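Chain by chain, the residues run as shown.
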Amino acid sequence: MLHQHTLTLFNLLPVGSNISTWWNFGSMLLTCLMIQVTTGFFLAMHYTANINMAFSSVIHIVRDVPHGWLLQNTHAIGASVFFICVYTHIARGLYYGSYLNKEVWVSGTALLITLMATAFFGYVLPWGQMSFWAATVITNLLTAVPYLGSTLTTWFWGGFAINDPTLTRFFALHFILPFILISLTSIHTILLHNEGSNNPLGTNSDTDKIPLHPYHSYKDLMMMTLLITSLLLTLSFFPDMLNDPENSSKANPLVTPQHIKPEWYFLFAYGILRSVPNKLGGALALVLAICILLTTPFTHTSFIRSMSFRPVAQMAFWTLISTFIILTWAATKPVEPPFTAISQMASLLYFSFFAICPLLGWMENTTLKTPH
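Each residue is numbered by its place in its chain's sequence as written, counting from 1. Whole-chain, interface and lining totals are the exception, using all residues; otherwise, since this is a predicted model, local features are given only for residues with pLDDT of at least 70 and side-chain atom pairs are given and counted only at 80 or more. Values shown for side chains rest on all heavy atoms present in the structure; no hydrogens or waters enter the calculation.

Regarding the environment of Phe156
Link 1 in the chain: As for its placement among the helices and strands, Phe156 is situated in helix α7 (residues 149-157).
Link 2 in the chain: Phe156 sits 169 residues away from Ile325 along the chain, and the two C-alpha atoms are 32 Å apart.
Link 3 in the chain: Throughout, a residue-residue contact means that at least one pair of heavy atoms, one from each residue, lies within 4.5 Å. Residues in contact with Phe156, not counting those within four places in the same chain, are Phe121, Thr139, Leu142, Thr166, Arg169 and Phe170. Here a helix means four or more residues in a row that DSSP labels H or I, a strand means two or more in a row labelled E, and each is numbered from the N terminus.

Points about the pattern of salt bridges
Link 1 in the chain: When a carboxyl oxygen of Asp or Glu lies within 4 Å of a side-chain nitrogen of Lys or Arg, that pair is called a salt bridge. Using the criterion set out here, one finds two salt bridges in the structure.
Link 2 in the chain: With a closest N to O distance of 3.2 Å, Lys261 and Asp244 form a salt bridge. Of this pair, Lys261 sits in the loop between α10 (217-237) and α11 (267-275) while Asp244 sits in the loop between α10 and α11; the two residues are 17 residues apart in sequence, bridging distant segments of the chain.
Link 3 in the chain: Of the charged contacts, one joins Glu364 and Arg310 as a salt bridge, the two residues approaching to 2.8 Å between their closest N and O atoms. Pair noted here: Glu364 is in helix α15 (residues 339-369) and Arg310 is in the loop between α13 (296-299) and α14 (311-330), with a separation of 54 residues, a long-range link. Side by side, Glu364 and Arg310 carry an identical accessibility label, which is buried. Throughout this description, buried means an accessible area under 20% of the type-specific maximum (1.4 Å probe, protein chains only), exposed means over 50%, and partly exposed covers the range between.

Some remarks on the nonpolar core
Link 1 in the chain: Grouped together as the largest cluster of nonpolar side chains are 88 residues, with contacts concentrated most on Trp127, Phe268 and Tyr350.
Link 2 in the chain: Non-local contacts of Phe268, meaning those with residues more than four positions away in its chain, are made with Tyr87, Met116, Ile290, Phe324, Leu327, Thr328 and Tyr350. Among buried residues, those of type Ala, Val, Leu, Ile, Met, Phe, Trp, Tyr and Cys that are joined through side-chain atoms within 4.5 Å constitute a nonpolar core.

Notes on a nonpolar patch on the surface
Link 1 in the chain: Together, Phe41, Phe42, Met45, Phe175, Ile176, Phe179, Ile180 and Ile182 make up an exposed nonpolar region whose accessible area comes to about 740 Å².
Link 2 in the chain: If you list the elements that add at least two residues to the nonpolar patch, you get α2 (25-44) and α8 (164-195).
Link 3 in the chain: The element best represented in the nonpolar patch is α8, accounting for five residues.
Link 4 in the chain: Locating Phe175 in the fold gives a position in helix α8.
Link 5 in the chain: Residue Phe175 is classed as partly exposed on the basis of its relative accessible area, which comes to 35%. In this analysis, a patch consists of residues with relative accessible area above 30% that form no salt bridge, clustered at 9 Å for like charges and at 5 Å for the nonpolar side chains Val, Leu, Ile, Met, Phe, Trp and Tyr. To measure how exposed things are, a 1.4 Å probe is used in the Shrake-Rupley method; for residues, cover is taken only from the protein chains shown.

Considerations on the packing of aromatic side chains
Link 1 in the chain: In this analysis, rings of Phe, Tyr and Trp, with Trp reduced to its six-membered ring, are considered paired at centre separations within 6.5 Å, and the interplanar angle assigns stacked below 30 degrees, edge-to-face beyond 60, and tilted for intermediate values. Within this structure, the stated rule accounts for 30 aromatic pairs.
Link 2 in the chain: With a centroid separation of 4.2 Å and an interplanar angle of 5°, the aromatic rings of Phe83 and Tyr265 are classed as stacked. Residue Phe83 is located in helix α4 (residues 68-96), and its partner Tyr265 is located in the loop between α10 and α11; the two are separated by 182 residues in the primary sequence. As far as burial versus exposure is concerned, Phe83 and Tyr265 are alike and both buried.
Link 3 in the chain: Ring geometry for Tyr265 versus Phe266: centroids 5.0 Å apart, planes at 75°, classification edge-to-face. This pair shows no difference in class: Tyr265 is buried, exactly as Phe266 is.
Link 4 in the chain: Aromatic rings pair up to connect Phe83, Tyr87, Trp264, Tyr265, Phe266, Phe268, Phe324, Tyr350, Phe351, Phe353 and Phe354 into one cluster.
Link 5 in the chain: By definition here, charges over rings are those cases where NZ of Lys or CZ of Arg is within 6 Å of the ring centre and within 35 degrees of the ring normal. Its guanidinium or amino end placed over the ring of Trp23, Arg92 lies 4.6 Å from that ring's centre, counting from NZ or CZ.

Concerning empty space enclosed by the protein
Link 1 in the chain: Grid spacing is 1 Å over the protein atoms alone, the probe is 1.4 Å, and a cavity is where that probe fits but cannot get out, while a pocket is an open set with protein on both sides within 12 Å along at least five of seven lines and lining residues have an atom within 4 Å of a point. Grid points are joined across faces, edges and corners, and a volume is the space filled by probe spheres set on the points. In this structure the tally under the stated criterion is two cavities of 30 Å³ or more.
Link 2 in the chain: The volume enclosed by the largest cavity comes to roughly 130 Å³.
Link 3 in the chain: Tyr99, Thr296, His300, Cys357 and Pro358 are the residues nearest the centre of the largest cavity, which is lined by 14 residues in total.
Link 4 in the chain: Elements with a contribution of two residues or more to the lining of the largest cavity: α13 and α15.
Link 5 in the chain: Top contributing element to the lining of the largest cavity by residue count: α15, with four residues.
Link 6 in the chain: Classifying every residue of the lining of the largest cavity by side-chain character gives seven nonpolar, six polar and one charged.
Link 7 in the chain: The space that makes up the second largest cavity amounts to roughly 40 Å³. For this classification, the nonpolar set comprises Ala, Val, Leu, Ile, Met, Phe, Trp, Tyr, Cys and Pro, the charged set comprises Asp, Glu, Lys and Arg, and every other residue, Gly included, is treated as polar.

Thoughts on the domain arrangement of the protein chain
Link 1 in the chain: Looking at the protein chain, the domain boundaries give domain 1 (14-251) and domain 2 (261-371).
Link 2 in the chain: Relative to domain 2, the C-alpha centre of domain 1 lies at a distance of 22 Å.
Link 3 in the chain: Residue-level contacts link 40 residues of domain 1 with 32 residues of domain 2.
Link 4 in the chain: Take the accessible area each of two parts loses on contact, using a 1.4 Å probe, and add the two losses: that sum is the buried area. Summed over both partners, the interface of domain 1 with domain 2 buries about 3300 Å², with 73% contributed by carbon and sulfur atoms.
Link 5 in the chain: Of all residues in domain 1, Leu94, Tyr95 and Leu141 give up the largest surface area on contact with domain 2, accounting jointly for 20% of the area buried on that side.
Link 6 in the chain: On inspection of domain 1 and its partner domain 2, the count reaches one salt bridge.
Link 7 in the chain: Counted as a polar contact is a pair of N or O atoms within 3.5 Å, where, for protein atoms, one must be capable of donating a hydrogen and the other of accepting one, and residues adjacent in sequence contribute only when both atoms are in side chains. One can count 15 residue pairs in polar contact (both at pLDDT 80 or more) joining domain 1 with domain 2.
Link 8 in the chain: If you list the elements that add at least two residues to the side of domain 1 that touches domain 2, you get α4, α5 (102-124) and α6 (129-139).
Link 9 in the chain: A per-class count over the side of domain 1 that touches domain 2 returns 29 nonpolar, nine polar and two charged. Segment limits for the domains were obtained from an automatic or database-derived domain assignment.

Here's the deal with helix α3 (residues 54-63)
Link 1 in the chain: The complete set of buried residues in α3 reads Ala54, Phe55, Ser57, Val58 and Ile61. Down the axis of α3, the sector holding all buried residues measures 165°, keeping them to one side.
Link 2 in the chain: In the core, the buried residues of α3 are packed alongside α2, α4 and α8. This arc describes the spread of directions from the helix axis toward the C-beta atoms.

Take a look at the structure:
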């Protein structure tokens, strides 16, 4: 009976017949969220939110708790897999004009911001050397807020430096934010099925729709299997591939690492932050790097929705992807020439994409209106 109801529900969710594999990343993100919430719940049972015991509790989980190494590695590597899927999902949305479903796009951006906050708080919890110093650098940005900066920072830290109260509240936030993520995901999914999925052609597919099951559900299942297989292979053979070696040492407030940097999935934003010499300017650029995504539904000027038929816009898109990779790479380097200049150029190109696209759309419309 339950199977029958599930099939009926799937049949009530018709989708365009031509949507490609890029549309499977939404369900892969749902899989990632389920993995992270499940493993995080069991890790929280053994973790101790105390600056003297946090690092030891993580080692205890890996060494002593039955299958603790599996839980800890799945959670740590799962975060990276989550962001790979998120960035691919956003890139697909930008390329195919999915952002024109305004409510879906805005809810998705809210999801991204919440996810980034959750990941940041989670990175601090092992209380390793890089975790501590990355948290110190990022939370110190609050001091750049005019008039209220010092008060905000002290309130956020729960003291005059990152200490026990800071770790306790970071743990509380890291635990509660996934439930907000689940709520936002539900809203995002409801809005998506209310509006209907976009497709590679960017056309209205109302006349050419097929049931979600079995045509797309099996593709989803295959991509989820590939995702879980990749995750298991990585944690089995290369468990420390994405970890910073500095984080294998317990946090020491008296010893500063040579190059302080966050996890790889924050490096592009960190590169933009470092490229601005002014502290407040850097903090604003960091926030704008994410929030600028909210402008795309309101600045789209082209008659054509998808970039599939817009070669110049495609060039701008691939420049953005290249810029993202360059910023990620440059942020791992010291703040010195030529890396500073590279970061500044890449940051300029990153923001230029969101200004150039409306201009390209206007030029395309002018060309299309011109009689031949």
